[in-house]
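Coordinates in review
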Amino acid sequence: MDNDLLYYGAIGGGCAILTIAASYVLTEVVSITADLVEHVHLVKEEKAPFGTVFAVPPQSIVEKRKLNKNGIKKEASIVINEFVTTLEGAGLDISNLYRRFQPHSIENNAKYGGNYDCREGKLYVNEDNLRETLLYALLEETITFDDEKKFIACGFERVNFHTSKNEKMVEHFGYGLNEAYQQLFLERYFDLPIRDTSLVDLVRMFEELVGREKMEKAFFTGNLIEFFYSRWSDFSVKKFKKWIKKLDTIYASLHLGMSYWFSKNTSLLKQLGASSFRSLFVEIAKDYIDQIKENVLLQRCNELDADIALSRLDRYLAFTGSGEKSGDYKLRRSDVEAVQAYLNQAFPNHLVKPYTIRPKNTTV
């Protein structure tokens, strides 16, 4: 009898193992299928028509006044004062913060800390990291404009709704550029750490092409029409829009749980993000070189200024990321050589530095 029990027990155990194995295989198939679906979704989104709706957020002057901080703790009040004093001291228009800010509006939420809910008027913070998360939330509030039936504009990000279909979303774009520029902006003015180093490096180059003043103005007003058409005529608006869509793809590949269906980074999407990063880097770098060359030809700058501007490419070309952070995509040697060859062709007399691929924060 004991042998029979062992025999049937072994069969039962084998069936259990087979069931687990089959379940695992099915899970993997479903996961791979989901990866492929999301991969196709992102590629189609990148190639889809862009910016069919560009409602300009309403702009009105709001007189500077003391914010009503009733119901807000002292520690948070100190951060709010720092935010207001720093940005107004820099000459930036934060009228929208005065327009939107509400008392009793700060709530602790460890999961969503660092965000602003424009529908509820709430600033969500993580009290364990109060200064950083509250600065992010305050910045979002300052750059958010919305029309409940038409759009939500947050800096460079735009969500457009179909006005006749119960707020059905018809477009969502610019979130990659917007999220990266928030990081760049808060590092610049408040010395906060960069979360997505590779993406922010792309946006630094983007800003150098557009100009910091124009970039910050568009960021604070959400006026994308003026922003897109503020460049010289030789700059392709179509190319500009393509870059923004690529930045969306890169950001989505880094933060799928925030923007898409899944909460994990999958290999296919990571590959797509890395490929988009590399191709966009090379394209922006070439335009960067072209702009400097044009400035020299039109005598907008002298050769010394051009040399200084070109030397900044060293930082971008040298940086590849440590490979340890999710926000660090890498350039390949071929990418660096492609940019270097383009630079040599545009400025044959320029003394090119021996660019090397090295991790960030490594001294040479």
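As shown above, the structure is provided for reference.
Criteria and thresholds
- Residues numbered from 1 in each chain as written.
- Predicted model: local features only at pLDDT ≥ 70, side-chain atom pairs only at ≥ 80, totals over all residues.
- Heavy atoms only, no water.
- Helix = DSSP H or I, 4+ residues; strand = E, 2+ residues; numbered from the N terminus.
- Contact = heavy atoms within 4.5 Å.
- Axes fitted to C-alpha atoms, helices over the stretch in contact; angles between N-to-C directions.
- Parallel < 35°, antiparallel > 145°, perpendicular 65-115°, else oblique.
- Left-handed = near helix turned anticlockwise from the far one by under 90°.
- Nonpolar A, V, L, I, M, F, W, Y, C, P; charged D, E, K, R; others polar.
- Pairing = 2+ DSSP bridges.
- Buried < 20%, exposed > 50% of the residue type's maximum accessible area, 1.4 Å probe, protein only.
- Polar contact = N/O pair within 3.5 Å; in protein donor to acceptor, adjacent residues only side chain to side chain.

**Some points on the environment of Phe156**
Within the secondary structure layout, Phe156 lies in the loop between strand 5 (151-154) and strand 6 (157-162). Between the C-alpha atoms of Phe156 and Ala218, which are 62 residues apart in sequence, the distance is 7.3 Å. Excluding residues that lie within four positions of it along the chain, Phe156 makes contacts with Phe173, Gly174, Leu177, Asn178, Tyr181, Met215, Ala218, Phe219, Leu224 and Phe227.

**Concerning the packing of helix 11 (residues 267-297) against helix 14 (residues 333-346)**
Axis separation between helix 11 and helix 14 bottoms out at 10 Å; the angle between their running directions is 15°. Classified by the interaxial angle, the pair formed by helix 11 and helix 14 is roughly parallel. For the element pair helix 11 and helix 14, the recorded crossing hand is right-handed. Here Arg278, Val282, Ala285, Lys286, Ile289, Asp290 and Lys293 of helix 11 come into contact with helix 14, specifically with Ser334, Asp335, Ala338, Val339, Tyr342, Leu343 and Ala346. For the contact of helix 11 with helix 14, a count of residues per class yields eight nonpolar, one polar and five charged.

**Quick word on the sheet that holds strand 1 (residues 106-108)**
Pairing within the open sheet is mixed, and its three strands lie in the order 1-3-2. Each of the sheet's edge strands pairs with one partner strand only, and the pair in question is strand 1 and strand 2 (115-117). Across the sheet, the axes of successive neighbouring strands diverge by a mean angle of 30°, strand direction being ignored. For strand 2 and strand 3 (residues 122-125), the ladder comprises three bridges, and the chain directions are antiparallel. Paired with Asn115 across the bridge in strand 3 is Tyr124. Contacts from helix 4 (residues 130-142) reach strand 1, strand 2 and strand 3, with the element oriented near 155° to strand 3.

**Things to note about the side chain of Glu207**
By the element assignment, Glu207 lies in helix 6 (residues 197-210). For Glu207, a relative accessible area of 6% corresponds to the buried category. Of the polar contacts made by the side chain of Glu207, one reaches the side chain of Tyr181; its length is 2.6 Å. Among residues more than four places away in sequence, those in contact with Glu207 are Tyr181, Leu184, Arg188, Arg212 and Met215.

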